[in-house]
Amino acid sequence: MNEFLKWFFAFISEMLKGYADIVKGFGHGIKQIFNIKNYINIFKEHSQDYSALSWVLSILAIIIVIAIYVLIFMMIFLGIRKYIRFRHSLVSNEDLLEEISELQRKVLKMTKEKDEIMAMKVAQMGLPAGSGALSLADGTMTAEGEGGEAAAPAVVESGVVQTTEHRFSKLIEVDTFYKTYTPPEYDNEIDLPSICENFRNFACSRMHLYYEPKIIWLFLAGMASTKLIILQGISGTGKTSLPYSFGKFLQVDTTIASVQPSWRDRTELFGYFNEFTKNFNETEVLKRIYASGYNNDVNLILLDEMNIARVEYYFAEMLSILEMPNADEWELDIVPNVWSTDPVNLDKGKIRIPQNIWYVGTANNDDSTFAISDKVYDRAQPINLDSKGVAFDAPDTPPMNLGFEHLDKLFREAFDKYPISQENLKKIQQLDLWVIEKLRVAFGNRILKQMNLFIPVYVACGGDELDGIDYILATKIFRKFESLNLAMLREELRELCAYMTKTFGKNKMNESIAYLERLQKLF
């Protein structure tokens, strides 16, 4: 045993000597590097016979060596500093994790308090005393017994929550109103030209608003072709007042939704369910949509300053719904479950989008607004209001009652009576092929379908077929050219103007040609 201890002591001693030599050698090396006195003696020894060039080179060499050492020390200092910051970040992260854990504990505590509140509500609903209430993800309630086990849920009859509370106060007001509602006597003899003339005279005599006949023709033709109309142009041209006055003319006020820059999703437009209060925050837009299902009125919803926020964000779901070919599938999900006190026409948490409602948006094109995307423009009918109306004299004209069914009948009669002529259809198809070949832009089936609905009603109101085609081409086809590299397409745009004149005739497509000429001047 003693021999082993002697060997182990000698072995460890010899190893430690190696470590000691390393430390001594490192210290000796550092001392040797910074032995300034020795450097001075060496310099004195060799500098006695220096020429002027040697002095300059020596001083330069000393400066370079000093700079290298300064750089090394700076790198070491920065490395240590970065390491300290890294360690500080790790400590901060640990503190953050601890804070998150504390917040989680508080959330659990608040959840427990919420469950106690729900337990009180369940007790008020007539469940056994001593039971608690748990709020499930789908909004239904279950009772929790004294032992913590879930009792029978407070739902009956295929998942309908039985409760005495009302979460849709405004929609229930609509149900109550229409229980005793007597519809007005609609004018079912009036035709489209008379509607346009009467509205123009009403706006002039009763509201001091002046519209050219073409604007009204375009507005009604837009209603026939799509459920979304965009009124665009400079301020002060009557964009907001047009749908507002039309609602007054029909004695059914237009619902106005003032779009805000903060709108990011559909809840701003249709409302949302508050899980804490268990009430649905209903908007006037939702109320108007629901009420439209009860009546035969022509209902308008105005999205004022619609592009002050991104239309694709807050109106995306409605755009998809309106695109469905089967109107029976036009439904908007409101809540995920069913309460026994829900409004009558709320079908399994969904609200039906009726056919007698239109959405009219006003849009300004300036630095404070967002550009409206092609997705929105393709589904809408834009109407340009670029000039103020000129005052004129009109006879005093009262408002009228126009039913949706009669208006829809007038639209369908116009489709049958004034379809686009085969000659102009052929010219449009040839123009489509020309634009595809030269500019790589296609009309698209949706736009052609809208054109076949828009033009007949525009003609029935009093317009000319080629003028209607001209308007559709300018606002829905040639507008797409703005996204192209116009600086490289000036010659093609000039050729297109010449092609339009040759195909449709001189002085026939003035609006499209004027728009193409403006595009040429942009670059």
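Bear in mind that the values here come from a model prediction, so they are computed numbers and not experimental data.

**As for the environment of F276**
Next, step 1: Mapped onto the secondary structure, F276 falls in the loop between strand 8 (271-274) and strand 9 (279-282).
Next, step 2: Sequence spacing of F276 and K114 is 162 residues, and the spatial spacing of their C-alpha atoms is 8.4 Å.

**Side note on the sheet that holds strand 14 (residues 350-352)**
Next, step 1: Strands sit in the order 11-14-13 across an open sheet of three strands; the sheet is antiparallel. Edge positions in the sheet fall to strand 11 (331-333) and strand 13 (346-347), since each of these pairs with one other strand and no more.
Next, step 2: Note: strand 11 against strand 14, three bridges, orientation antiparallel. In the sheet register, L332 faces strand 14, and the bridge partner there is I351.

**Describing the confidence of the model for the chain**
Next, step 1: On average, residues of the chain score 84 in pLDDT, and 89% of them reach the 70 mark or higher.
Next, step 2: Scored below 50 in pLDDT, residues 124-153 shows 54 contacts in the model against residues more than four places distant or in partner chains.

**Some words on the environment of S169**
Next, step 1: Assignment of secondary structure puts S169 in helix 4 (residues 169-179).
Next, step 2: Owing to a relative accessible area of 44%, S169 belongs among the partly exposed residues under this scheme.
Next, step 3: Separated by 112 residues in sequence, S169 and N281 place their C-alpha atoms 9.1 Å apart.

**Some details on the pattern of salt bridges**
Next, step 1: Under the defined criterion, the tally for this structure stands at 17 salt bridges.
Next, step 2: For D253, the salt bridge is made with K248, and the minimal N-O distance between the two is 3.2 Å.
Next, step 3: Classification of D253 by relative accessible area gives partly exposed; the value is 46%.
Next, step 4: With a shortest N-O distance of 2.9 Å, K480 and D378 are connected by a salt bridge. You can see K480 sitting in the loop between helix 16 (465-477) and helix 17 (490-504) and its partner D378 sitting in helix 12 (residues 374-379), a full 102 residues away along the chain. The residues K480 and D378 share a single accessibility class, namely buried.
Next, step 5: Beyond isolated ion pairs, a larger network of salt bridges with shared partners links E323, R379 and R446.

**Overview of the packing of helix 6 (residues 213-225) against helix 13 (residues 404-417)**
Next, step 1: Where helix 6 meets helix 13, the closest approach of the two axes is 11 Å, and the angle between their N-to-C directions is 90°. Classified by the angle between their axes, helix 6 and helix 13 sit roughly perpendicular to one another. The residues of helix 13 that touch helix 6, namely those facing L220, M223 and A224, are L407, F411 and F415.
Next, step 2: Of the residues in the contact of helix 6 with helix 13, the class split is six nonpolar, no polar and no charged.

**A closer look at helix 17**
Owing to its 3.6 residues per turn, the α-helix aligns residues three or four sequence positions apart on the same side.
Next, step 1: Here helix 17 is 15 residues long and its end C-alpha atoms lie 21 Å apart, about the 21 Å a rise of 1.5 Å per residue gives.
Next, step 2: When we look at burial in helix 17, the residues that qualify are L493, L496, C497, Y499, M500, T503 and F504. The buried residues of helix 17 occupy an angular sector of 165° when the element is viewed end-on, so they sit on one face.
Next, step 3: The inward-facing, buried residues of helix 17 abut helix 14 (422-439), helix 16 and helix 18 (510-521).
Next, step 4: Phi for G505, located one or two positions after helix 17, is positive at around 105°.

**What about helix 15 (residues 445-461)?**
Next, step 1: With 17 residues, helix 15 ought to run about 24 Å at 1.5 Å a step, and its terminal C-alpha atoms sit 25 Å apart, in line with that.
Next, step 2: Taken residue by residue, helix 15 has I447, Q450, M451, F454, I455, P456, V457, Y458, V459, A460 and C461 as its buried positions.
Next, step 3: Count one or two residues on from helix 15 and you reach G462, which has phi positive near 135°.

Rules of the game
Residues numbered from 1 in each chain as written. Predicted model: local features only at pLDDT ≥ 70, side-chain atom pairs only at ≥ 80, totals over all residues. Heavy atoms only, no water. Helix = DSSP H or I, 4+ residues; strand = E, 2+ residues; numbered from the N terminus. Pairing = 2+ DSSP bridges. pLDDT = per-residue confidence, 0-100. Contact = heavy atoms within 4.5 Å. Buried < 20%, exposed > 50% of the residue type's maximum accessible area, 1.4 Å probe, protein only. Salt bridge = Lys/Arg side-chain N within 4 Å of Asp/Glu carboxyl O. Axes fitted to C-alpha atoms, helices over the stretch in contact; angles between N-to-C directions. Parallel < 35°, antiparallel > 145°, perpendicular 65-115°, else oblique. Nonpolar A, V, L, I, M, F, W, Y, C, P; charged D, E, K, R; others polar. Expected span 1.5 Å × (residues − 1). Arc of directions from axis to C-beta.

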